[in-house]
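Overview (structure and organization)
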Amino acid sequence: MAEHPELSAQERAGKAFPVSWDQFHRDCRALTWRLNEVGPFHAVIAITRGGLVPAAIVARELGVRVIDTVCIASYDHNKQGDLNVLKGVSPDTAKLGGGTGKGLLIVDDLVDTGKTGRMVRDLLPDAHFATVYAKPKGRPLVDTFITEVSQDTWIFFPWDTALSFQPPIRDGAA
Ligand SMILES: O=P(O)(O)OC[C@H]1O[C@H](OP(=O)(O)OP(=O)(O)O)[C@H](O)[C@@H]1O
Ligand SMILES: Nc1nc2[nH]cnc2c(=O)[nH]1
Ligand SMILES: [Mg+2]
């Protein structure tokens with residue numbers, strides 16, 4: 001970050017990895033196949049907001065109906081600032097996890113630098129932490145993930161994007 005402070009994380013990333021709804025759904029189902037070998041889980045905890053969509057799909061596939069959130073804000077659009085825990089797990093969920101998160105499944109869309117992952121690990125050290133995508137810096141913090149992308153890739157999620165015209169590759173499209 002210090003090398004190009006004027007650039008956003010997205011601009012520094014360079015490569016774009018756009019993900020469609022269909023692809024995301026398939027990746028979440030693939031994640032659940034792996035998680036099904038690890039559970040059962042008492043509850044699913046979504047790291048908002050990006051974790052809400054994968055958490056809904058994973059909870060549906062695992063048959064888990066207790067769903068909680070940890071609300072963390074770090075990137076303001078695409079620049080990472082200080083992490084801010086706006087809401088922790090509810091007392092009911094904390095009790096299910098024996099205080100340390102044992103038997104709880106934390107879900108997020110991705111790990112990048114690992115700062116968010118580190119914070120949830122500190123909150124619930126014995127919980128299982130799953131993400132759909134992982135970049136190398138954050139990967140050691142995740143127990144289960146599906147696809148690794150390089151650190152200089154920016155993932156575009158379907159809820160942040162819309163279909164738009166693309167110029168032909170011959171004319172210089174990326
Ligand atoms: O590994 P890190 O470098 O911490 O980055 C990963 C986090 O960044 C994004 O969330 P963001 O803070 O942008 O909030 P959002 O989920 O509400 O979009 C993403 O959903 C992860 O939670
Ligand atoms: N959408 C999106 N948000 C992020 N937050 C941290 N890294 C990323 C990324 O690659 N894509
Ligand atoms: Mg997030």
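The structure displayed is predicted, hence computed values, not measured ones.

Our focus in this paragraph is the overall build of the protein chain. Check the secondary structure of the protein chain and you find 5 helices and 8 strands. From first element to last, N terminus to C terminus, the protein chain shows the α and β order α-β-α-β-α-β-β-α-β-α-β-β-β. For a compact globule of 174 residues, the expected C-alpha radius of gyration is about 16 Å, and the protein chain comes in at 17 Å, within 12% of that figure. Projected onto its principal axes, the C-alpha positions of the protein chain cover 55 × 35 × 25 Å. When burial is assessed residue by residue, the protein chain has 42% of its 174 residues classed as buried. Put simply, of all contacts in the protein chain between residues at least 6 apart along the chain, 60% involve residues at least 24 apart. When the accessible surface of the protein chain is summed, it comes to about 10000 Å², and 54% of that surface belongs to carbon and sulfur atoms. Each charge class in the protein chain can be summarised by its mean position, and for the 19 positive and 21 negative side chains these summaries are 3 Å apart.

On to the environment of G101. Along the chain, the position of G101 falls in the loop between α4 (91-96) and β5 (104-111). Owing to a relative accessible area of 0%, G101 belongs among the buried residues under this scheme. Taking the C-alpha atoms as reference points, G101 and H42, 59 residues apart in sequence, are found 9.7 Å from one another. Setting aside residues no more than four positions away along its own chain, G101 makes contact with L124, D126 and A127.

Per the UniProt record, "binding site: guanine" (unreviewed entry) is found at D112 and I155. The largest pairwise C-alpha distance within this set of annotated residues, which runs over 44 residues, is 9.9 Å, so the set is compact in three dimensions. Tracing the backbone through its elements, the reader meets D112 in the loop between β5 and α5 (115-123). Tracing the backbone shows I155 in strand β8 (residues 153-156). Judged by its relative accessible area of 5%, I155 falls in the buried class. Ignoring any residue separated from it by four or fewer positions in sequence, one finds I155 in contact with F17, V19, L110, Y133, K135 and V149.

UniProt tags D112, T113, G114, K115, T116, W154 and I155 as "binding site: GMP" (unreviewed entry). Note that K115 resides in helix α5. Secondary-structure assignment places T116 in helix α5.

So, on to the packing of aromatic side chains. Evaluation of the coordinates by the stated rule reveals 7 aromatic pairs. Taken together, a centroid distance of 5.1 Å and an interplanar angle of 85 degrees make the contact between F24 and W159 edge-to-face. Separated by 135 residues along the polypeptide, F24 in helix α2 (residues 21-36) and W159 in the segment after β8 bring together distant segments of the chain. The class for F24 is buried, based on a relative accessible area of 0%. A relative accessible area of 29% means that W159 is categorised as partly exposed. Seen from their ring centres, F157 and W159 are 4.8 Å apart, and the 0 degrees between their planes marks the pair as stacked. Here a set of aromatic residues connected by ring pairs shows up, and it is made of F17, W21, F24, Y133, F157 and W159.

Definitions and limits used
- Residues numbered from 1 in each chain as written.
- Chains lettered and ligands numbered in written order.
- Predicted model: local features only at pLDDT ≥ 70, side-chain atom pairs only at ≥ 80, totals over all residues.
- Heavy atoms only, no water.
- Helix = DSSP H or I, 4+ residues; strand = E, 2+ residues; numbered from the N terminus.
- Rg over C-alpha atoms; globule rule 2.2 N^0.38 Å.
- Buried < 20%, exposed > 50% of the residue type's maximum accessible area, 1.4 Å probe, protein only.
- Contact = heavy atoms within 4.5 Å.
- Areas by Shrake-Rupley, 256 points an atom, 1.4 Å probe, with all protein chains shown as cover.
- Lys, Arg positive; Asp, Glu negative; His and termini not counted.
- Charge placed at Lys NZ, Arg CZ, Asp CG, Glu CD.
- UniProt positions renumbered as here; feature names shortened; annotations may be inferred.
- Phe/Tyr/Trp six-rings, centres within 6.5 Å; stacked < 30°, edge-to-face > 60°.

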